[in-house]
Amino acid sequence: MSFKNLLPHSQIFGECRMSRCISFFSWCAVFSLMMVTGCHHRGGGSANAITWEGVALTPLREVSSPSTSSLYREGFPASLDILPKRLVKFPDSMTFLEFQDEDKAYAAFQQFSNPEELEKGFLQRGGVTLFRKGAWLGMWFSKGKRENVLREKIGLPGEVEWGALPQGFSSLLHQGRIAHTERVLCARFLGSVPPVSVFAAQFDCRGDSAWIYFAPDMPISFSKKLNAQQLASRLLDFSERGMVGIEGCFDTLLTLNWLEKQKKVLKSLKLRG
């Protein structure tokens with residue numbers, strides 16, 4: 001099996017598109033969750049534990065701030081766009097990645113999933129099942145569809161639903177938003193690595209589509225990294241509150257309307273904070 005088989009049939013939107021295919025044979029470690037008794041704590045788990053049917057699993061090994069090479073040795077691709085803050089490995093080849101926040105976990109998962117899979121938080125390629133919940137990304141190698149089993153039995157820290165959009169998207173306009181186009185851009189935005197996550201989605205522009213970008217706390221200094229050519233086809237507005245932007249809408253009035261609405265949302269976030 002090659003890593004390219006995990007890529008969606010449709011192109012990944014935005015700047016997070018993978019630039020090359022990576023060998024994926026080592027992802028397919030045997031992932032039998034049912035069930036080694038030495039893999040459990042006796043009794044229930046804490047709020048921060050990974051559980052199976054409510055029983056906390058005992059990690060075999062934890063690695064803080066794993067490097068690209070250490071992830072590769074564990075069987076993960078050598079060039080994930082976003083690195084996790086922690087790798088947690090269990091007996092029976094159970095491996096989970098915990099990211100800094102749900103934004104980065106979502107951005108990592110979107111590299112491999114099509115829009116429907118991204119929304120559900122599950123994807124399967126052959127015998128490999130990848131899944132995301134909140135700030136966690138996990139992998140299971142097994143035959144057959146295992147989504148329902150995982151939903152019912154696996155427990156990951158956090159109260160969010162499987163595949164739920166990161167909270168930042170609640171501040172992005174809803175009217176006119178095209179379903180399943182939400183993307184988090186944090187490894188690459190307009191040719192540079194942004195200091196904060198950029199929330200992006202496509203919107204209906206009089207029958208065509210356009211992108212709206214929203215990045216609270218984006219520093220004004222980031223605008224200096226963007227050249228004139230990158231700015232020419234995009235309307236970006238930087239302030240002490242962050243950045244909002246529009247790309248690809250030919251309707252000037254609609255573009256300005258979107259921009260003003262997002263700027264008001266950005267201002268209201270700062271006032272509440």
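Sequence order as written defines residue numbering, which begins from 1 separately in each chain. Local features in this predicted model are restricted to residues of pLDDT 70 or higher, and side-chain atom pairs are both shown and tallied only at a pLDDT of 80 or more, whereas totals for entire chains, interfaces and linings draw on every residue. Hydrogens and water are ignored here; the side-chain numbers use all heavy atoms of the structure.

### Quick word on the environment of Asp 204
Logical step 1: Labels follow the DSSP assignment, with helices taken as runs of H or I lasting at least four residues and strands as runs of E lasting at least two, numbered in each case from the N terminus. Mapped onto the fold, Asp 204 is located in strand S12 (residues 198–205).
Logical step 2: Working definition: with a 1.4 Å probe on protein chains only, accessible area under 20% of the residue-type maximum means buried, over 50% means exposed, and in between means partly exposed. Judged by relative accessible area, Asp 204 falls into the partly exposed class, the value being 40%.
Logical step 3: Measuring from C-alpha to C-alpha, the distance between Asp 204 and Gly 176 comes to 5.3 Å, with 28 residues separating the pair along the chain.
Logical step 4: Contacts are assigned to residue pairs that have any heavy atoms within 4.5 Å of one another. Residues within four places of Asp 204 in sequence aside, it is in contact with Gly 176, Ile 178, Leu 254 and Trp 258.

### Some details on the environment of Glu 62
Logical step 1: Positionally, Glu 62 belongs in strand S4 (residues 61–64).
Logical step 2: In the structure, Glu 62 is positioned 25 residues away from Leu 87 in sequence and 5.6 Å away in space, judged by C-alpha atoms.
Logical step 3: Beyond its immediate stretch of four places on either side in the chain, Glu 62 contacts Arg 86, Leu 87 and Val 88.

### Remarks on the confidence of the model for the protein chain
Logical step 1: Scored by pLDDT, the protein chain has a mean of 80; 78% of the residues are at 70 or more.
Logical step 2: For every residue, the predictor assigns a confidence score, pLDDT, that lies between 0 and 100. The element-level mean pLDDT for the protein chain is lowest in strand S1 (residues 40–44), coming to 40, with S12 highest at 97.
Logical step 3: Every residue in residues 1–45 scores below 50 in pLDDT, and together they form 116 contacts with partners more than four places removed in sequence or on other chains.

### Examining helix H2 (residues 102–110)
Logical step 1: The buried fraction of H2 is high, at 8 of 9 residues.
Logical step 2: All buried positions along H2 are accounted for by Glu 102, Asp 103, Ala 105, Tyr 106, Ala 107, Ala 108, Phe 109 and Gln 110.
Logical step 3: Looking at the buried residues of H2, the elements they touch are helix H3 (115–120), strand S7 (122–125), strand S8 (128–133), strand S9 (136–141), strand S11 (183–185) and S12.
Logical step 4: Identification of polar contacts relies on pairs of N or O atoms within 3.5 Å, with a donor-acceptor requirement for protein atoms, meaning one able to donate a hydrogen and the other able to accept it, and with residues adjacent in sequence counted only if both atoms are side-chain atoms. At the N-terminal boundary of H2, the capping side chain belongs to Asp 101, with an oxygen 3.1 Å from the backbone nitrogen of Asp 103.

### Things to note about the pattern of salt bridges
Logical step 1: Within this document, salt bridges are pairs made up of a side-chain nitrogen of Lys or Arg and a carboxyl oxygen of Asp or Glu, the two lying within 4 Å of each other. Per the stated rule, a full pass over the model turns up 13 salt bridges.
Logical step 2: Put simply, Arg 86 and Glu 62 hold a salt bridge, and the shortest N to O gap is 2.7 Å. Taken together, the residues Arg 86 in strand S5 (residues 86–90) and Glu 62 in strand S4 connect sequence positions 24 residues apart.
Logical step 3: Residue classification places Glu 62 among the partly exposed positions, given a relative accessible area of 46%.
Logical step 4: In this structure, the salt-bridge partner of Glu 98 is Lys 85, at a minimum N-O distance of 3.7 Å. Remark: Lys 85 occurs in the loop between helix H1 (68–73) and S5 and Glu 98 occurs in strand S6 (residues 94–98); sequence separation between them is 13 residues.

### Notes on the sheet that holds strand S14 (residues 234–239)
Logical step 1: Spatial strand order, S11-S12-S13-S15-S14: 5 strands in an open sheet with antiparallel pairing. Each edge of the open sheet is held by one strand with a lone partner, namely S11 and S14. In this sheet, adjacent strand axes meet at a mean angle of 20 degrees when their direction is disregarded.
Logical step 2: Here, any two strands with at least 2 DSSP bridges between them count as paired. Direction of pairing for S14 relative to strand S15 (residues 242–247): antiparallel, over a ladder of 6 bridges. What sits directly across from Ser 239, in S15, is Gly 242.
Logical step 3: In this analysis an axis means a line fitted to C-alpha atoms, helices contributing only their contacting stretch, and an angle means the value between N-to-C directions, from 0 to 180 degrees. Contacts from H2 reach S11 and S12, with the element oriented near 110 degrees to S11.

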